[in-house]
Amino acid sequence: LIESYLTDRASLLGVVLLVESRVVTDQDRQTLAWLRSIGHTPLVVATKADRLKPAERVRVLRQTHLDVGLLEGQMLIPYSSVTGDGRNRVWAALRELARART
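Caption draft 1: Fine view of the overall build of the protein. Check the secondary structure of the protein and you find four helices and three strands. When its helices and strands are written in sequence order, the protein yields α-β-α-β-α-β-α. For 102 residues, the compact-globule estimate of 2.2 N^0.38 gives 13 Å, and the protein sits close to it at 14 Å. Here the protein holds 102 residues, and 35% of them are scored as buried. Considering only contacts in the protein between residues 6 or more positions apart, those separated by 24 or more positions represent 68%.

Okay, here's the thing in structure tokens:
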């Protein structure tokens, strides 16, 4: 069902993939690979960024970028629904995606 939605919906401008910032699963990697295989390069958002200690934030996010299988130059946006950190970056990326596709 989701595959036909993602492949057949002409008005679809993009896909957002949410991953937990501290734990990347095989499912996350498989989903990213599958999205690429059907022609999507998703915006990847690392959730629960507020749970990262400031001293570990850069290291953990860099590792998350590698673990999820993002390519060089692909963006990983850390996000926290608790603090709102990353909200503006996500909206900016979505607006840019919409501008690029219209």
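Here the narrative resumes.
Caption draft 2: Molecular detail of the sheet that holds strand E2 (residues 43-47). Reading across from one edge, E1-E2-E3 is the order of the three strands in this open sheet, with parallel pairing throughout. Edge strands, defined here as strands with exactly one partner in the open sheet, are strand E1 (16-20) and strand E3 (76-78). Sheet twist, expressed as the mean angle between neighbouring strand axes with direction ignored, is 30°. Pairing analysis gives three bridges linking E2 to E3, with the strands arranged parallel. Note that in E3 the partner of valine 44 across the bridge is leucine 76.

Calculation notes
The numbering scheme is per chain: residues are counted from 1 as the chain's sequence reads. Only residues with pLDDT of at least 70 are given local features in this predicted model, and only at 80 or more are side-chain atom pairs given and counted; all residues enter the totals for whole chains, interfaces and linings. Side-chain metrics in this entry use all non-hydrogen atoms of the structure; hydrogen atoms and water are not considered. A helix here means a DSSP run of H or I that spans at least four residues, while a strand means a run of E at least two residues long, and both kinds are numbered starting from the N terminus. For this measure, only C-alpha atoms enter the radius of gyration; the expected value for a globule follows 2.2 Å times N^0.38, where N is the number of residues. Only protein chains enter the accessibility calculation, which uses a 1.4 Å probe; a residue whose area is less than 20% of its type maximum is buried, one above 50% is exposed, and one in between is partly exposed. Contact definition: two residues touch when any of their heavy atoms are within 4.5 Å. A pair of strands is considered paired only if DSSP assigns at least 2 bridges between the two. In this analysis an axis means a line fitted to C-alpha atoms, helices contributing only their contacting stretch, and an angle means the value between N-to-C directions, from 0 to 180 degrees.

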